[in-house]
Amino acid sequence: MSGVTRACGCGEDQIPWMLAKFGVLGAAALVTGVLVVMIAAGWALASVFWLARRRRTAPRPAEEDGLGSFSWSDREP
């Protein structure tokens, strides 16, 4: 077995590469950062859709059906 090294089943070949490269806190910070960026992108996308939808629909006058025509009088309409 000249020139061939065998892994003993311990060390860096048993843990994920990201954990080996950045450490425990670095990997946790990277995952947390990615999660925060994804949440911020979702909020931004939802805000853009909300603004576009709000701009497209014109305000309508109050309709006379529903609770808009309700009154507390005893008279029948």
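Relevant structure appears above.
Nothing here was measured: the structure is a model prediction, and the numbers come from that model. (Residues numbered from 1 in each chain as written. Predicted model: local features only at pLDDT ≥ 70, side-chain atom pairs only at ≥ 80, totals over all residues. Heavy atoms only, no water.)

(A) Seen up close, the overall build of the protein. The number of helices and strands found in the protein is 1 helix and 0 strands. The buried share of the protein, reckoned over its 77 residues, is 1%. (Helix = DSSP H or I, 4+ residues; strand = E, 2+ residues; numbered from the N terminus. Buried < 20%, exposed > 50% of the residue type's maximum accessible area, 1.4 Å probe, protein only.)

(B) Broad picture of helix α1 (residues 17-56). Over its 40 residues, α1 extends only 49 Å from the first C-alpha to the last, a length that falls short of the 58 Å expected when each residue adds 1.5 Å. A maximum bend of about 110° is found in α1 at Gly23. (Expected span 1.5 Å × (residues − 1). Bend = angle between axes of the 7 residues up to and from the residue.)

(C) Structural context of the environment of Met18. Within the secondary structure layout, Met18 lies in helix α1. A relative accessible area of 24% places Met18 in the partly exposed class. Separated by 12 residues in sequence, Met18 and Leu30 place their C-alpha atoms 9.4 Å apart. Apart from residues no more than four positions distant in its own chain, Met18 is found in contact with Gly23, Ala27, Leu30 and Val31. (Contact = heavy atoms within 4.5 Å.)

(D) Spotlight on a nonpolar patch on the surface. Nonpolar side chains collect at one region of the surface, where Trp17, Phe22, Leu30, Val34 and Met38 lie side by side and expose about 560 Å² of accessible area between them. Note on placement: Phe22 falls in helix α1. Its relative accessible area of 41% is what places Phe22 among the partly exposed residues. (Patch = residues over 30% accessible without salt bridge, like charges linked within 9 Å, V, L, I, M, F, W, Y side chains within 5 Å. Areas by Shrake-Rupley, 256 points an atom, 1.4 Å probe, with all protein chains shown as cover. Salt bridge = Lys/Arg side-chain N within 4 Å of Asp/Glu carboxyl O.)

(E) The environment of Trp17, seen in detail. Note on placement: Trp17 falls in helix α1. Overall, the relative accessible area of 63% leaves Trp17 in the exposed class. C-alpha separation for the pair Trp17 and Ala27, spaced 10 residues apart in sequence, amounts to 10.0 Å.

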